[in-house]
Amino acid sequence: MNDAEYSNQMEKLATIQPWMWRVFESEEAMEIVSPDAPLEGTFWAYADNAYFEICSASCSSDPAMRRNMGMKLSDRIARIPQTGIEGEGLVRLRLRNGVKLYDHFEALGFDPVGMFGQTTSAKLVLAFRSRLTGEMAGMLKSASLDHITVNLKCELDALQAVAGRVPAPRALLASGEYESGATPVTSVQSWCEGERLSGVPVAIKTDDTVARICRWLVKLVDHGSEQMSLRNLAQQQSSIVKAHPRLEDAEKKSLCMLLEAVRDARAFPTSRLHGDLRPENILLQDGSGEFIAVDWEFSRPRSLGLLDLLRYLLEGTYGNSQVRSFAGAVSPDAVRWIRNSGLPGADLPITEMVALQFAIHYTDRIGSFGRRSQRMRVLQALLQGECERLSL
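Residues numbered from 1 in each chain as written. Predicted model: local features only at pLDDT ≥ 70, side-chain atom pairs only at ≥ 80, totals over all residues. Heavy atoms only, no water.

1. Focus on the overall build of the protein chain
Quick reminder of the rule: Only runs of H or I of at least four residues qualify as helices and only runs of E of at least two qualify as strands under DSSP, and these elements are numbered from the N terminus. Relative accessibility under 20% of the residue-type maximum defines a buried residue, over 50% an exposed one, and the middle range a partly exposed one, all with a 1.4 Å probe and only protein chains included. Contacts were defined at the residue level, with two residues in contact if any of their heavy atoms lie within 4.5 Å. Per-residue and other accessible areas follow the Shrake-Rupley method at a 1.4 Å probe size, with only the shown protein chains counted as cover for residues.
Within the protein chain, the regular secondary structure consists of 14 helices and 18 strands. In the protein chain, buried positions account for 55% of the 392 residues. Nonlocal contacts in the protein chain, meaning residues at least 24 apart in sequence, comprise 73% of its contacts between residues at least 6 apart. When the accessible surface of the protein chain is summed, it comes to about 17300 Å², and 50% of that surface belongs to carbon and sulfur atoms.

2. Looking at the nonpolar core
So the rule is basically this: Among buried residues, the Ala, Val, Leu, Ile, Met, Phe, Trp, Tyr and Cys ones that are joined through side-chain atoms within 4.5 Å form a nonpolar core.
Trp296, Leu309, Ile338, Leu356 and Phe358 are the most contacted members of the largest nonpolar core, which totals 64 residues. The greatest single-element share of this core, amounting to 10 residues, is contributed by helix α13 (residues 350–369). Formed by seven residues, the second largest nonpolar core is a distinct cluster that contains Phe110, Phe128, Ala137 and Leu173.

3. Quick notes on the side chain of threonine 270
We count it as follows: Contacts described as polar in this section are N or O atom pairs within 3.5 Å, which, within protein, must combine one atom able to donate a hydrogen with one able to accept it, while residues neighboring in sequence count only if both atoms come from side chains.
Of note, threonine 270 is situated in strand β15 (residues 270–273). Separated by 2.7 Å, the side chains of threonine 270 and serine 225 make a polar contact. For threonine 270, the contacting residues outside a window of four places in its chain are Leu220, Val221, Asp222, Ser225, Glu226, Met228, Arg302 and Ser303.

4. Re the packing of helix α8 (residues 230–243) against α13
Here is the rule: Lines fitted to C-alpha atoms define the axes here, with helix axes fitted over just the stretch in contact, and angles between the N-to-C directions of these axes take values from 0 to 180 degrees. An angle counts as roughly parallel when it lies under 35 degrees, as roughly antiparallel when it exceeds 145, as roughly perpendicular when it falls between 65 and 115, and as oblique in every other case. Crossings are sorted by hand: turned counterclockwise from the far helix by less than a right angle, the near helix makes the crossing left-handed, and turned clockwise it makes it right-handed. Polar here means any residue outside two lists: the nonpolar Ala, Val, Leu, Ile, Met, Phe, Trp, Tyr, Cys and Pro, and the charged Asp, Glu, Lys and Arg; Gly therefore counts as polar.
Contact geometry of α8 with α13 gives a least axis separation of 10 Å together with a crossing angle of 25°. Classified by the angle between their axes, α8 and α13 sit roughly parallel to one another. Both α8 and α13 take part in a crossing whose hand is left-handed. In this structure, α8 uses Leu230, Leu233, Ala234, Gln237, Ile240 and Val241 to contact α13, whose residues at the interface are Glu352, Met353, Leu356, Ala359, Ile360 and Thr363. Its residues assigned to classes, the contact of α8 with α13 shows nine nonpolar, two polar and one charged.

5. Regarding α13
Quick reminder of the rule: A helix's residues, less one, multiplied by 1.5 Å, set its expected span.
With 20 residues, α13 ought to run about 28 Å at 1.5 Å a step, and its terminal C-alpha atoms sit 27 Å apart, in line with that. The buried fraction of α13 amounts to 19 of the 20 residues, a majority that puts the element mostly inside the structure.

6. With respect to the packing of aromatic side chains
The geometry of an aromatic ring pair is captured by two quantities: the separation of the ring centres and the angle between the planes. Test applied: Two aromatic rings, drawn from Phe, Tyr or Trp (for Trp, its six-membered ring), form a pair once their centres lie within 6.5 Å of each other, and the interplanar angle then sorts them: stacked below 30 degrees, edge-to-face above 60, tilted otherwise.
Using the criterion set out here, one finds four aromatic pairs in the structure. With centroids separated by 5.9 Å and ring planes inclined at 45°, the aromatic side chains of tryptophan 216 and tryptophan 296 adopt a geometry described as tilted. Pair noted here: tryptophan 216 is in helix α7 (residues 207–218) and tryptophan 296 is in the loop between β17 (291–293) and β18 (300–303), with a separation of 80 residues, a long-range link. The exposure classification of tryptophan 216 matches that of tryptophan 296, with both residues buried. With a centroid separation of 6.1 Å and an interplanar angle of 55°, the aromatic rings of tyrosine 318 and phenylalanine 358 are classed as tilted.

7. A closer look at the sheet that holds β15
Put simply, the rule reads: Strands qualify as paired when DSSP identifies two bridges or more between them.
Within the open sheet, the three strands sit side by side as β12-β15-β18. Their pairing is antiparallel. Of all the strands in the sheet, just β12 (221–222) and β18 have a single pairing partner and so form its edges. Pairing of β12 with β15, which is carried by two bridges, proceeds in the antiparallel orientation. By the bridge assignment for β15, valine 221 is matched with serine 271.

8. Some words on unusual backbone geometry
A positive phi angle, close to 60°, is found at aspartate 295, a residue other than glycine. Its place among the elements puts aspartate 295 in the loop between β17 and β18.

9. Some thoughts on the environment of leucine 152
By the element assignment, leucine 152 lies in helix α5 (residues 146–162). Classification of leucine 152 by relative accessible area gives buried; the value is 0%. With 145 residues separating them along the chain, leucine 152 and glutamate 297 place their C-alpha atoms 5.7 Å apart.

10. Some points on the sheet that holds strand β11 (residues 195–196)
Strand order across the open sheet formed by three strands is β11-β16-β17, with antiparallel pairing between neighbours. With partners counted over all chains shown, the strands left at the sheet margins are β11 and β17, one partner each. Pairing of β11 with strand β16 (residues 282–284) involves two bridges; the strand directions are antiparallel. Looking across to β16, one finds that glutamate 195 is bridged to leucine 284.

11. A closer look at the confidence of the model for the protein chain
Which entries qualify depends on this criterion: pLDDT expresses how confident the predictor is about each individual residue, on a scale running from 0 to 100.
Mean pLDDT for the protein chain: 76, with 64% of residues reaching 70 or above. When the criterion is pLDDT under 50, residues 46–89 qualifies, and its contacts beyond four places in sequence or with other chains add up to 122 contacts.

12. Some remarks on the pattern of salt bridges
Filter applied, for reference: Note on definitions: salt bridges are taken to be side-chain nitrogens of Lys or Arg within 4 Å of carboxyl oxygens of Asp or Glu.
Tallying each qualifying case throughout the model produces 17 salt bridges. Across the pair arginine 336 and aspartate 207 runs a salt bridge whose closest N-O atoms are separated by 3.2 Å. Remark: aspartate 207 occurs in helix α7 and arginine 336 occurs in helix α12 (residues 332–339); sequence separation between them is 129 residues. Given a relative accessible area of 34%, arginine 336 falls into the partly exposed group. In this structure, arginine 302 and glutamate 226 form a salt bridge, with 3.9 Å as the shortest nitrogen-oxygen distance. Separated by 76 residues along the polypeptide, arginine 302 in strand β18 and glutamate 226 in the loop between β12 and β13 (228–229) bring together distant segments of the chain. The partly exposed category is assigned to arginine 302, whose relative accessible area is 32%. What makes glutamate 226 exposed here is its relative accessible area of 59%. A network of salt bridges, in which partner residues are shared, links Asp276, Arg278, Glu280, Arg311, Glu315 and Arg375.

This is the structure in structure tokens:
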């Protein structure tokens with residue numbers, strides 16, 4: 001397949017998005033069928049109460065593919081309307097009225113192998129392979145809410161900016177009105193092979209793994225850009241918080257209290273920030289052991305790379321419902337990794353870096369996922385506990 005043919009197929013993929021949204025916004029789109037029903041016209045759903053992810057039979061029967069796509073019951077929250085699913089398990093679904101899920105791909109030369117019907121941030125995400133080569137070809141994302149289309153635009157800009165600097169997906173296509181959010185937008189990016197680091201828990205926090213992540217982050221430092229301090233970044237974030245339409249007044253007050261405590265004014269070279277550098281967004285390639293970072297929707301063009309390292313190291317804290325303050329959130333090993341990271345600002349105050357990273361993470365999560373998720377409940381408890389500590 002030459003470049004012109006491939007480009008033509010990419011453009012055709014953009015026509016899929018309106019159909020996908022019509023299907024999944026329909027209250028009567030889905031029905032459960034018997035596990036023994038014929039495969040034609042059905043697909044698997046990994047259900048956790050009212051939430052689901054779906055994938056084709058070829059994907060669901062391929063453990064490596066499921067691991068690569070990070071399919072975890074607790075992470076997929078697209079809803080199956082009115083199904084009454086109890087507990088967790090594997091169920092079979094089909095679209096009502098004889099609609100076949102993948103008919104629209106038959107003329108495009110691609111086979112879809114997995115679709116997350118709606119993700120946490122109200123996107124449709126679909127992975128597909130080339131029918132000609134049998135290899136994975138890419139990942140399509142579509143969104144219609146204005147604040148989510150902004151995330152897709154951030155990701156598109158980031159993938160274009162880091163191309164050739166660090167291993168990352170390649171941006172292949174963008175369509176729709178990204179700035180206004182007036183219509184659904186679609187982006188297509190290349191598929192990246194590898195096992196998510198979250199599937200290798202023993203390797204997540206070791207000297208070798210963290211050192212490799214630090215070397216990866218160093219490549220994103222822009223020594224020629226205008227330098228910034230923690231205080232500069234905290235002031236920027238305070239402005240974002242104050243203007244944020246989805247934050248309540250009490251949250252704004254608490255987050256600004258945290259950010260006011262970030263005072264270090266030493267300036268350092270900035271980096272392109274990934275923004276959500278957690279183990280699930282890092283793929284470990286077989287053979288080479290090289291890291292590839294995916295999911296750049298929270299990327300920022302200018303920040304401190306240390307905030308990405310902290311995001312990685314704090315993932316356990318952000319998922320721990322027992323944690324009520326930042327005290328002890330950064331372990332002695334984590335402090336050592338930060339100090340030896342080779343990143344600009346490695347000697348900055350840990351408490352101030354944690355406060356800034358937390359405020360950024362909280363604002364990003366509330367902007368995309370709302371306040372009902374388990375993660376947001378943990379973050380709310382952390383925010384309350386830390387503000388109480390600062391008030392003493």
